[in-house]
Amino acid sequence: MAFPIVGNFPNLGAPGGPVHKIMYKLAQKHGDVMSFWFGNKYTVVVSHYKYFHEALKKKGKKVLHFSSPPQKCGNKTLNDHTGEAFAGRFLPQSMNIITRGQGVALQGDLTRWRKARTVLLNGMTKKQQGERQVPVIAEEVQSTVVEFCKLYKEKKAIPFRLHMKRERINVVMRLCCDFRFSSKLPPMFDEIQSAIATIFECISAGNPSDYIPLARLGGEPAVVKRLKAATAKRD
């Protein structure tokens, strides 16, 4: 049951919890396609890759438009808004801040979404990129192991997680822009990983003001200010 103003937010548990984990548990209970009222925004949540593929690939120009609540006709559910899959869907302020409106996540402009996704696939995740990626990954793994061995011989503490983060960031940076961080970990590395951690923390916890306009009456929420600062530092 949805409530006025807040919608189904009370059904999602205590505020600040990891949204993806909450959705995973709800999907196990309600199925891979669910609908919620997030404040005043009717939202369809898809939790299985086969339905992503069906909605965005197989029926990309025929699937029903999900940005408006369904219309009832007898026992059937209808929707008069036909068009491209998810085109024109709501883009939360928080996501718009970190993507600058250009990313793949929650992109309402399907033409832009397809272009961004194509760039991502061609540059990072396409199978044909495997031959290019494997040597880069192997070199970064070797670099990390060599650093661990060096620190062990010098009887120094091994910051395991820190160097594993360096390894992951270096793989992405080298594949995207041919740049990497050395084992000396300059201040820029700390700034980047701090900004990324802050962004994920804010997004994971959620921002109710994205969906409840009344929450903005007291001024710009603290989570929005943190996101803007972290995104500026990241860029």
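Heads up: these notes are all about the structure in this document. (Residues numbered from 1 in each chain as written. Predicted model: local features only at pLDDT ≥ 70, side-chain atom pairs only at ≥ 80, totals over all residues. Heavy atoms only, no water.)

1. Regarding the overall build of the protein
So, point 1. Counting secondary structure elements, the protein contains eight helices and four strands.
So, point 2. Tracing the protein from N to C terminus, the helices and strands come up as α-β-β-α-β-β-α-α-α-α-α-α.
So, point 3. The 235 residues of the protein split such that 32% are buried.
So, point 4. Here the analysis covers contacts within the protein between residues at least 6 apart in sequence; of these, 47% occur between residues at least 24 apart.
So, point 5. Per element, the accessible surface of the protein, about 15,400 Å² overall, is 60% carbon and sulfur. (Helix = DSSP H or I, 4+ residues; strand = E, 2+ residues; numbered from the N terminus. Buried < 20%, exposed > 50% of the residue type's maximum accessible area, 1.4 Å probe, protein only. Contact = heavy atoms within 4.5 Å. Areas by Shrake-Rupley, 256 points an atom, 1.4 Å probe, with all protein chains shown as cover.)

2. Describing the pattern of salt bridges
So, point 1. In this structure the tally under the stated criterion is four salt bridges.
So, point 2. Linking E140 and R174 is a salt bridge whose minimum nitrogen-to-oxygen distance equals 2.9 Å. Taken together, the residues E140 in helix 5 (residues 130–153) and R174 in helix 6 (residues 160–177) connect sequence positions 34 residues apart. The exposure classification of E140 matches that of R174, with both residues buried.
So, point 3. With its nearest N and O atoms 2.8 Å apart, the salt bridge here joins E140 to R180. Here E140 is found in helix 5, whereas its partner R180 is found in the loop between helix 6 and helix 7 (187–205), with 40 residues between them in sequence.
So, point 4. A residue is classified by how much of its surface remains accessible, and R180, at 34% relative accessible area, is partly exposed. (Salt bridge = Lys/Arg side-chain N within 4 Å of Asp/Glu carboxyl O.)

3. Topic: the pairing of strand 1 (residues 33–38)
So, point 1. Here strand 1 shows a buried face lined by M34, F36 and F38 and an unburied face lined by V33, S35 and W37.
So, point 2. Looking at chain direction, strand 1 and strand 2 (residues 41–46) are connected through six bridges and run antiparallel. From the neighbouring strand, S35 faces strand 2, where its bridge partner is V44.
So, point 3. Between the antiparallel neighbours strand 1 and strand 2 lie two residues, among them G39 with a positive phi of about 65°. (Pairing = 2+ DSSP bridges.)

4. A few points about unusual backbone geometry
So, point 1. The phi dihedral of K155 is positive, around 55°, even though this residue is not glycine.
So, point 2. Checked against the element boundaries, K155 lands in the loop between helix 5 and helix 6.
So, point 3. We note that L185 has phi near 50°; this positive angle belongs to a residue other than glycine.
So, point 4. Mapped onto the secondary structure, L185 falls in the loop between helix 6 and helix 7.

5. What about the side chain of T43?
So, point 1. Considering the arrangement of structural elements, one finds T43 in strand 2.
So, point 2. Those residues within four positions of T43 in sequence are excluded, and the remaining contacts are M34, S35, F36 and F38.

6. Focus: helix 6
So, point 1. Across its 18 residues, helix 6 extends 25 Å between first and last C-alpha, which sits within 8% of the 26 Å expected from 1.5 Å per residue.
So, point 2. What helix 6 keeps buried is the set H163, R166, E167, I169, N170, V171, R174 and L175.
So, point 3. Looking one or two places after helix 6, you find D178, whose phi comes out positive at around 55°. (Expected span 1.5 Å × (residues − 1).)

7. A word on a nonpolar patch on the surface
So, point 1. Together, I5, L214 and L217 line one region of the surface with nonpolar side chains, adding up to about 340 Å² of accessible area.
So, point 2. Structurally, I5 can be placed in the segment before helix 1 (19–30).
So, point 3. Classification of I5 by relative accessible area gives exposed; the value is 53%. (Patch = residues over 30% accessible without salt bridge, like charges linked within 9 Å, V, L, I, M, F, W, Y side chains within 5 Å.)

8. Some words on the environment of H48
So, point 1. If you trace the backbone, H48 turns up in the loop between strand 2 and helix 2 (49–58).
So, point 2. H48 sits in the partly exposed class, given a relative accessible area of 24%.
So, point 3. Sequence spacing of H48 and D32 is 16 residues, and the spatial spacing of their C-alpha atoms is 5.8 Å.
So, point 4. Here K50 takes part through its backbone nitrogen, which lies 3.1 Å from a polar atom of the side chain of H48. (Polar contact = N/O pair within 3.5 Å; in protein donor to acceptor, adjacent residues only side chain to side chain.)

By themselves these figures say nothing about function.
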